[in-house]
Structure formats: structure tokens, C-alpha cells
Amino acid sequence: MEESFLLFLQEYVRFDWLTPIMKWLSFLGDYGGACWIVLTLLMMIWKKTRWVGFTMGVSLALSGIFTNLVIKNLFFRDRPYEVNPDIEPLGNIPSDTSFPSGHASVVFALATVLCLTLPWIMEKKKAIIVSVLFVVLAVLLAFSRLYLGVHYPTDVLVGALLGIVYGIVARAIIGPVKKKFEKKKFDNGTRSADV
């Protein structure tokens, strides 16, 4: 069924004008997620977004460790084009195993983090708009992996679900640390004012 779905995409959904867009979307997750690592580091540098950046960093670390190092090496699933020669991959041809999708894992982890933490740094309406845009980007990036023929649908689906879990766990780790830090800072400021 999954191979049939990929062949359907290859036959009826691939267009010359769409392929460069899908390659570009997929490129955002290439090279160990370098693009997302840079974005995370930039968020950490700017004071206003630092806690969001820390949360993104934790989610990236969870995705890198569990998706890429642990789960991929437990399942050793071949890529679709390695199993079915009729599936023609496009773009960068991955050398690692197929299950789950690291691209989907990372981008959904970051999308989840942004949904949960943007209210820390901006008004609710703006936070919702930015979060929705990033979720749309995550969905499109995940779809690009199917379009390019380098993942099975279940690879992408499980990668996305894992990413959501990593984002929630990262928020659960950083949220209390942020609260504790801000309380300590407030208490120190109050003591200074009293003196």
C-alpha cells in the first residue's frame, strides 16, 4: 500500500514546477538539520527569545538522540527506492535507514515547541499566526519526503508523532526551569529593593 501511494505521487503529483519547491523544503532538514540548529542558536542569543531557543535546543537534542541514533538503528528499514526500483528518488539520496523520518521528527518538534512557547514572548494572536505558519511548513516539509520518494508514509507519520512528543517533553523540561530562574531573579530584585 505504501509503495503504491508513493508510485501514485510519482505518477500524478510530481510536476516540473513543484519539484524545485519540494527539494528546497526537504533541503531545510538536510545536513543534520543544520538550518534548524542555526535558527535555534540565533533564538538563544537574543535575550527576548532565549528560553524559546533553549526549549528548541532540547527538542532538537531529543530528536537527534532518539530518532536518529536509537530508533533508526533498531529498525533498519530500507528506503522505498531500495525495495522497489520503480520508485525514483529525487534530490539528495539519504544513506541512512528509512524509519522514522528524521526530517519530520525535527520539524514537528520545533513546530510543537513554538506552539507551546511563543506566548512567552509575544501576544497570543501573533503567537497563533506564527505557530500555524510553522505547522504548515512542517506538514509541507514532511510531505516533501514522500514527494521525493525517500520515505514511506509511516516513516513520516511516526517521525512527526515523535517530534510532537519531543516538543512536549522539551517544554516540560524547560518550563519549570524558566519559572524557577525568573522567581529567583524576582526574589533577588525584591531583596535589592528592600536594602
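You'll find the structure just up there.
Calculation criteria
Residues numbered from 1 in each chain as written. Predicted model: local features only at pLDDT ≥ 70, side-chain atom pairs only at ≥ 80, totals over all residues. Heavy atoms only, no water. Disulfide = S-S within 2.5 Å. Core = buried A, V, L, I, M, F, W, Y, C linked by side-chain atoms within 4.5 Å. Buried < 20%, exposed > 50% of the residue type's maximum accessible area, 1.4 Å probe, protein only. Helix = DSSP H or I, 4+ residues; strand = E, 2+ residues; numbered from the N terminus. Contact = heavy atoms within 4.5 Å. Phe/Tyr/Trp six-rings, centres within 6.5 Å; stacked < 30°, edge-to-face > 60°. Lys NZ or Arg CZ within 6 Å of the ring centre and 35° of its normal. Polar contact = N/O pair within 3.5 Å; in protein donor to acceptor, adjacent residues only side chain to side chain. Axes fitted to C-alpha atoms, helices over the stretch in contact; angles between N-to-C directions. Parallel < 35°, antiparallel > 145°, perpendicular 65-115°, else oblique. Left-handed = near helix turned anticlockwise from the far one by under 90°. Nonpolar A, V, L, I, M, F, W, Y, C, P; charged D, E, K, R; others polar.

Observations concerning the state of the cysteines
Alright, step 1. In total, this model carries zero disulfides according to the counting rule given.
Alright, step 2. Counting only cysteine sulfurs, Cys35 is the nearest neighbor of Cys115, a cysteine outside any disulfide, at a range of 18 Å.

Considerations on the nonpolar core
Alright, step 1. If you look at the biggest cluster of nonpolar residues, it comprises 36 residues, and the most contacted ones within it are Trp36, Met56, Val107, Leu110, Leu114 and Phe134.
Alright, step 2. For this core, the elements supplying multiple residues, two or more each, are helix 1 (2-13), helix 2 (19-27), helix 3 (30-45), helix 4 (50-75), helix 6 (102-117), helix 7 (124-147) and helix 8 (153-194).
Alright, step 3. Per-element accounting of this core gives the leading share, eight residues, to helix 6.
Alright, step 4. If near-sequence neighbours (up to four positions away) are discounted, Phe134 is found in contact with Trp36, Val107, Leu110, Ala111 and Leu114.

Overview of the packing of aromatic side chains
Alright, step 1. Inspection of every chain in the model, using the stated rule, returns eight aromatic pairs.
Alright, step 2. Seen from their ring centres, Phe8 and Tyr12 are 5.3 Å apart, and the 40 degrees between their planes marks the pair as tilted. With Phe8 and Tyr12 both in helix 1 and four residues apart, this pair spans about one turn of that helix.
Alright, step 3. Judged by its relative accessible area of 43%, Phe8 falls in the partly exposed class.
Alright, step 4. Exposure remark for Tyr12: the relative accessible area of 55% places this residue in the exposed category.
Alright, step 5. Geometrically, the ring pair formed by Phe143 and Tyr147 is tilted, given 6.4 Å between the ring centres and 55 degrees between the ring planes. Taken together, the residues Phe143 and Tyr147, both in helix 7 and four residues apart, mark about one turn of the helix.
Alright, step 6. Take Tyr147: its relative accessible area is 0%, and that puts it in the buried class.
Alright, step 7. Connected via pairs of aromatic rings, a cluster forms that spans Trp51, Phe54 and Phe181.
Alright, step 8. One cation-aromatic arrangement involves Lys178 over Trp120; the distance from NZ or CZ to the ring centre is 4.8 Å.

Some points on the environment of Asp96
Alright, step 1. Take Asp96: it is sitting in the loop between helix 5 (80-83) and helix 6.
Alright, step 2. C-alpha separation for the pair Asp96 and Arg77, spaced 19 residues apart in sequence, amounts to 9.2 Å.
Alright, step 3. When near neighbours in sequence (up to four residues on either side) are disregarded, Asp96 contacts Lys72 and Arg79.
Alright, step 4. At 2.4 Å, the side chain of Asp96 forms a polar contact with the side chain of Arg79.

A few points about the packing of helix 3 against helix 4
Alright, step 1. One way to put it is that helix 3 packs onto helix 4 with a least axis distance of 6 Å and a crossing angle of 150 degrees. With respect to each other, helix 3 and helix 4 are oriented roughly antiparallel. Considering the relative orientation of helix 3 and helix 4, their crossing is left-handed. On helix 4, the residues touching Trp36, Ile37, Leu39, Thr40, Met43, Met44 and Ile45 of helix 3 are Arg50, Val52, Gly53, Phe54, Met56, Gly57 and Leu60.
Alright, step 2. Residue classes in the contact of helix 3 with helix 4 are distributed as ten nonpolar, three polar and one charged.

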